[in-house]
Amino acid sequence: MLVSHVPVKGFHEHWEKVHATLIPTLEAGEFVLRYEQHPKPLESYLGDDDPGFDGVTLQWFESMDAYNAHMAASDFGVMWADIESFLDTSQLHFIVTEE
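This section reports on the structure supplied with the text. (Residues numbered from 1 in each chain as written. Predicted model: local features only at pLDDT ≥ 70, side-chain atom pairs only at ≥ 80, totals over all residues. Heavy atoms only, no water.)

1. Description of the side chain of Asp-82
What counts, and what does not: By the criteria applied, helices consist of DSSP H or I runs no shorter than four residues and strands consist of E runs no shorter than two, each listed in order from the N terminus. Whether a residue is buried, partly exposed or exposed follows from its accessible area with a 1.4 Å probe, protein chains only, as a fraction of its type maximum: under 20%, in between, or over 50%, in that order. Under the convention used here, Asp and Glu are negative, Lys and Arg are positive, and both His and the chain ends fall outside the count. For this document, the term salt bridge refers to a Lys or Arg side-chain nitrogen within 4 Å of an Asp or Glu carboxyl oxygen. Residue contacts are counted whenever heavy atoms from the two residues lie within 4.5 Å of one another.
Mapped onto the fold, Asp-82 is located in helix α3 (residues 76-86). Although Asp-82 lies buried, it forms no salt bridge, and the closest oppositely charged side chain, Lys-17, sits 14 Å away as judged by the N-O distance. When sequence neighbours within four positions are dropped, the list of residues in contact with Asp-82 reads His-14, Val-18, His-19 and Leu-22.

Written as structure tokens, this is what we have:
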């Protein structure tokens, strides 16, 4: 869920043009093998049946060790600060799976 001071269109633009381009510039991003964004279509924000999700991010890592290294990287805080600038982090959901 996006933070209240960010308009929907601004959220989509920031996620795609700022956040996504930040990842490959960071040490934390070196552990990410693949990154996908699946934003909620802008037109689906109309109406009262909004389940509260603004999109889904999929990330692939070589292993759980690589995922943990990503989270422990010295510059992960830079990425997290950006996340906090446009997302309500208390509403984030994480699902971690292995093949």
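2. Regarding the pattern of salt bridges
Considering all chains together, one arrives at one salt bridge under this definition. The shortest N-O distance in the salt bridge between Arg-34 and Glu-36 comes to 2.5 Å. The class of Arg-34 is partly exposed, set by a relative accessible area of 45%. Judged by its relative accessible area of 17%, Glu-36 falls in the buried class.

3. Some details on the packing of aromatic side chains
To be explicit about the condition: The rule is short: rings of Phe, Tyr and Trp, with Trp giving its six-membered ring, pair when the centres are within 6.5 Å, and they are stacked under 30 degrees, edge-to-face over 60, tilted in between.
Applying the stated criterion to the full structure yields four aromatic pairs. When the ring of Phe-76 is compared with that of Trp-80, the centres are 6.2 Å apart and the planes differ by 25°; the resulting orientation is stacked. Of this pair, Phe-76 and Trp-80 both sit in helix α3, separated by four residues, roughly a single helical turn. Here the aromatic residues Phe-11, Trp-15 and Phe-86 are joined through ring pairs into a cluster of three or more.

4. Things to note about the packing of helix α1 (residues 8-22) against α3
The condition that has to hold: Lines fitted to C-alpha atoms define the axes here, with helix axes fitted over just the stretch in contact, and angles between the N-to-C directions of these axes take values from 0 to 180 degrees. Here the angle decides the label: under 35 degrees means roughly parallel, over 145 means roughly antiparallel, 65 to 115 means roughly perpendicular, and every other value means oblique. Polarity classes work like this: nonpolar for Ala, Val, Leu, Ile, Met, Phe, Trp, Tyr, Cys and Pro, charged for Asp, Glu, Lys and Arg, and polar for all others, with Gly in that last group.
Where α1 meets α3, the axes come as close as 11 Å, and the angle between the chain directions of the two elements is 175°. As the angle between them shows, α1 and α3 are arranged roughly antiparallel. Where α1 abuts α3, its residues Phe-11, His-14, Trp-15, Val-18, His-19 and Leu-22 lie against Val-78, Met-79, Asp-82, Ile-83, Ser-85 and Phe-86. Here the residues of the contact of α1 with α3 are counted per class, giving eight nonpolar, three polar and one charged.

In short, geometric facts, not functional conclusions.
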